[in-house]
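Structural characterization, general
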Amino acid sequence: MMRSRRPCVKHFSHSHPLQPVEVKEEEELICSGCELDLSGSAYRCRKSSSCCDDFYLHRSCFELPKVLQLPVDHVSGHQHPLLLLATPPKEDDGDDEYPKFVCSACGDYGTGFTYRCSSTSCQSFNLHVTCAFLPNTIKHVDHQHPLSLFSSSTSLEIKGISNSSSSSSIFTCDVCRKHVPQNCWIYYCSECDYGTDLACTATTTNNTYSVLPAGGGGRIQ
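Predicted, not measured: the structure shown is a model, and the values here were computed from it. (Residues numbered from 1 in each chain as written. Predicted model: local features only at pLDDT ≥ 70, side-chain atom pairs only at ≥ 80, totals over all residues. Heavy atoms only, no water.)

1. Some thoughts on the overall build of the protein
Within the protein, the regular secondary structure consists of three helices and 19 strands. Out of the 221 residues belonging to the protein, those deemed buried represent 44%. When the accessible surface of the protein is split by element, carbon and sulfur atoms take 48% of a total near 11700 Å². (Helix = DSSP H or I, 4+ residues; strand = E, 2+ residues; numbered from the N terminus. Buried < 20%, exposed > 50% of the residue type's maximum accessible area, 1.4 Å probe, protein only. Areas by Shrake-Rupley, 256 points an atom, 1.4 Å probe, with all protein chains shown as cover.)

Here it is in structure tokens:
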């Protein structure tokens, strides 16, 4: 790891100053913000202590906007501003030691940074920072047409299937064949009735899960 001579900086998510560093992929470090593998330009806590030795942030996670407004026509239909939280609120799951949230986009849990609805009426709406900036369309290696970002429920409506409890009203990923929970997000081709959940999109393309804005996510407010 190469340490930079640039001055240390502060970030709202951590109590100690952070030092710019260059991280090599073989170091196998994890970003404390997005919880993904870390390499390249990053920040680390400069204080040597057992509680801070593992605190690292991608440079892109360090630069995330504190307030995010999704576009009016976004797949989620969410209208309220989203606030960037360093850790999930403890009251979400009752686990005071390791609080976590469930992402409204992919349905997976997270323990790091989250974009959470600012309105008290829908604070169950949480997004991984990676999911918040997913592009509107992608090119999938296993399909000839571009795939568009939909909610799984909307894709069923396009197919003319009612949103009921029957097995036919559950979206199935065409890559892993797993069911996608209602209202979670997918990438879908309506022309061919082909779609994938977000996890399979991430494993088969390199441009989907990016912590940088990619032309279809939120905008800084």
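2. With respect to the packing of aromatic side chains
According to the stated counting rule, one finds five aromatic pairs in the structure shown. Aromatic pair Y43 and F62: ring centres 4.2 Å apart, planes at 25°, arrangement stacked. Placement of the pair is Y43 in strand β5 (residues 40-45) and F62 in helix α1 (residues 59-62), with a sequence separation of 19 residues. The buried category is assigned to Y43, whose relative accessible area is 10%. Overall, F62 belongs to the buried group, its relative accessible area being 17%. Feature note: the residues F150, F171 and Y188 constitute an aromatic cluster, connected by ring pairs. (Phe/Tyr/Trp six-rings, centres within 6.5 Å; stacked < 30°, edge-to-face > 60°.)

3. Some thoughts on the nonpolar core
Judged by nonpolar contacts, the single largest core of 37 residues is most densely connected at L64, L82, Y115, L127 and L198. Contributing elements (two or more residues each) for this core: β5, α1, β8 (82-85), β11 (114-117), β14 (146-151) and β17 (185-189). Take this core: its biggest share by element is three residues, from β17. Dropping the residues within four chain positions of it, Y115 is found in contact with L64, P65, L68, L82, L83, L84, F125, N126, L127, V129, A132 and F133. (Core = buried A, V, L, I, M, F, W, Y, C linked by side-chain atoms within 4.5 Å. Contact = heavy atoms within 4.5 Å.)

4. Digging into the sheet that holds β17
Across the sheet, which stays open at both edges, the four strands sit in the order β13-β14-β17-β18 with antiparallel pairing between neighbours. Looking at the sheet topology across the chains shown, the edges are occupied by β13 (137-139) and β18 (194-197). Each strand axis lies, on average, 35° off the axis of its neighbour in the sheet, ignoring direction. Relative to β17, β14 is paired through four bridges, and the arrangement is antiparallel. Bridge pairing in β17 places F150 opposite I186. (Pairing = 2+ DSSP bridges. Axes fitted to C-alpha atoms, helices over the stretch in contact; angles between N-to-C directions.)

5. Topic: the side chain of H128
Inspection of the secondary structure assignment puts H128 in strand β12 (residues 126-128). Excluding its chain neighbours within four sequence positions, the residues that come into contact with H128 are F101, C103, C106, D108, Y109 and G110.

6. Some points on a negative patch on the surface
Judged by side-chain charge, E25, E26, E28 and D37 come together as a negatively charged surface patch. Here E28 is to be found in the loop between β2 (18-23) and β3 (29-30). What makes E28 exposed here is its relative accessible area of 69%. (Patch = residues over 30% accessible without salt bridge, like charges linked within 9 Å, V, L, I, M, F, W, Y side chains within 5 Å. Salt bridge = Lys/Arg side-chain N within 4 Å of Asp/Glu carboxyl O. Lys, Arg positive; Asp, Glu negative; His and termini not counted. Charge placed at Lys NZ, Arg CZ, Asp CG, Glu CD.)

7. Details of the environment of L29
Within the secondary structure layout, L29 lies in strand β3. A relative accessible area of 17% means that L29 is categorised as buried. In sequence terms L29 and S39 are 10 residues apart; their C-alpha atoms lie 7.5 Å from each other.

8. A few points about the environment of V141
As for its placement among the helices and strands, V141 is situated in the loop between β13 and β14. Assessed through its relative accessible area of 58%, V141 is described here as exposed. Between the alpha carbons of V141 and T201 there is a distance of 9.1 Å; along the sequence they are 60 residues apart.

9. Remarks on the confidence of the model for the protein
Mean pLDDT over the protein stands at 80; residues scoring 70 or higher make up 76%. Across residues 205-221, confidence stays below pLDDT 50; counting only partners more than four residues off in sequence or on other chains, it has 52 contacts. (pLDDT = per-residue confidence, 0-100.)

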